[in-house]
Amino acid sequence: MLTTYALCIFAIAALGGLVLASSVLRGRLAPWAISVLHALLGATGLVLLVVVVLQGSATGRVTAALGLLVLAALGGFYLASIHLRKRVAPKSVVFIHASVAVLGFLTLLSAVLGL
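Note that this is a predicted model, so its numbers are computed, not measured.

Asks: Would you mind going over the side chain of Ser 110 with me for this structure?
Replies: Here Ser 110 lies in helix α4 (residues 91–113). With a relative accessible area of 17%, Ser 110 lands in the buried category. Residues contacting Ser 110, with those up to four places away along its chain left out, are Arg 61 and Leu 115.

Here's what the structure looks like:
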């Protein structure tokens, strides 16, 4: 059940990520409020997955999804540090962050759907 909640939260965070990425791809600073919301949603999803893993009820795919999403979060911290300096992030870093996050999301989706 917590994995389903985490999946829904990550899906909402991904929508914010699309808005953020579109700003960066146009050479603009991403909206700060959306950046913060995106980060909070991502952190909430991660906490839910950590709880599932620590309870010992996680499948291998859930654990793999957690690992990928933690990597994406580390990239997100780096992007936030660039944003705090009022610079537009490199597009390559945005693509890497998004790609790892999508892989984590799809891995979690496959675990939730039992595929």
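That shown, we press on.
Asks: Help me out: how do you make sense of the packing of helix α1 (residues 2–25) against helix α2 (residues 32–55) in this one?
Replies: When two helices pack together, you describe them by how their axes are tilted relative to each other and by the distance separating the axes. Two elements in contact, α1 and α2, have axes separated by 8 Å at closest approach and are oriented at 160°. The orientation of α1 relative to α2 falls into the category roughly antiparallel. Here α1 and α2 pass one another in a crossing that is left-handed. Residues Leu 2, Thr 3, Tyr 5, Ala 6, Ile 9, Phe 10, Ile 12, Ala 13, Gly 16, Gly 17, Val 19 and Leu 20 of α1 form the contact with α2, whose own contacting residues are Ile 34, Ser 35, His 38, Leu 41, Gly 42, Thr 44, Gly 45, Leu 46, Leu 48, Leu 49, Val 51 and Val 52.

Asks: Just to check I follow, could you spell out α2 for this structure?
Replies: Given a rise of 1.5 Å per residue, 24 residues ought to cover 34 Å, and the 35 Å separating the end C-alpha atoms of α2 matches this to within 8%. Those residues of α2 lying buried are Ser 35, Leu 41, Gly 42, Gly 45, Leu 46, Leu 48, Leu 49 and Val 52. Contacts from the buried residues of α2 go to α1, α3 (60–84) and α4. Looking one or two residues beyond α2, the residue adopting positive phi is Gly 56, at roughly 85°.

Asks: Just to check I follow, could you spell out the nonpolar core for this structure?
Replies: Across soluble globular proteins, nonpolar side chains show a tendency to be buried alongside one another. Of all hydrophobic cores here, the largest spans 16 residues; its most connected members are Ala 6, Phe 10, Leu 46, Leu 49, Val 62, Leu 69 and Leu 108. The residues touching Leu 49, leaving out its near neighbours within four places in the chain, are Thr 3, Ala 6, Phe 10, Val 62, Leu 66, Leu 69 and Leu 108. In this structure, Leu 79, Ile 82, Ala 89 and Val 94 belong to the second largest nonpolar core, which totals 6 residues.

What counts as what
Residues numbered from 1 in each chain as written. Predicted model: local features only at pLDDT ≥ 70, side-chain atom pairs only at ≥ 80, totals over all residues. Heavy atoms only, no water. Helix = DSSP H or I, 4+ residues; strand = E, 2+ residues; numbered from the N terminus. Buried < 20%, exposed > 50% of the residue type's maximum accessible area, 1.4 Å probe, protein only. Contact = heavy atoms within 4.5 Å. Axes fitted to C-alpha atoms, helices over the stretch in contact; angles between N-to-C directions. Parallel < 35°, antiparallel > 145°, perpendicular 65-115°, else oblique. Left-handed = near helix turned anticlockwise from the far one by under 90°. Expected span 1.5 Å × (residues − 1). Core = buried A, V, L, I, M, F, W, Y, C linked by side-chain atoms within 4.5 Å.

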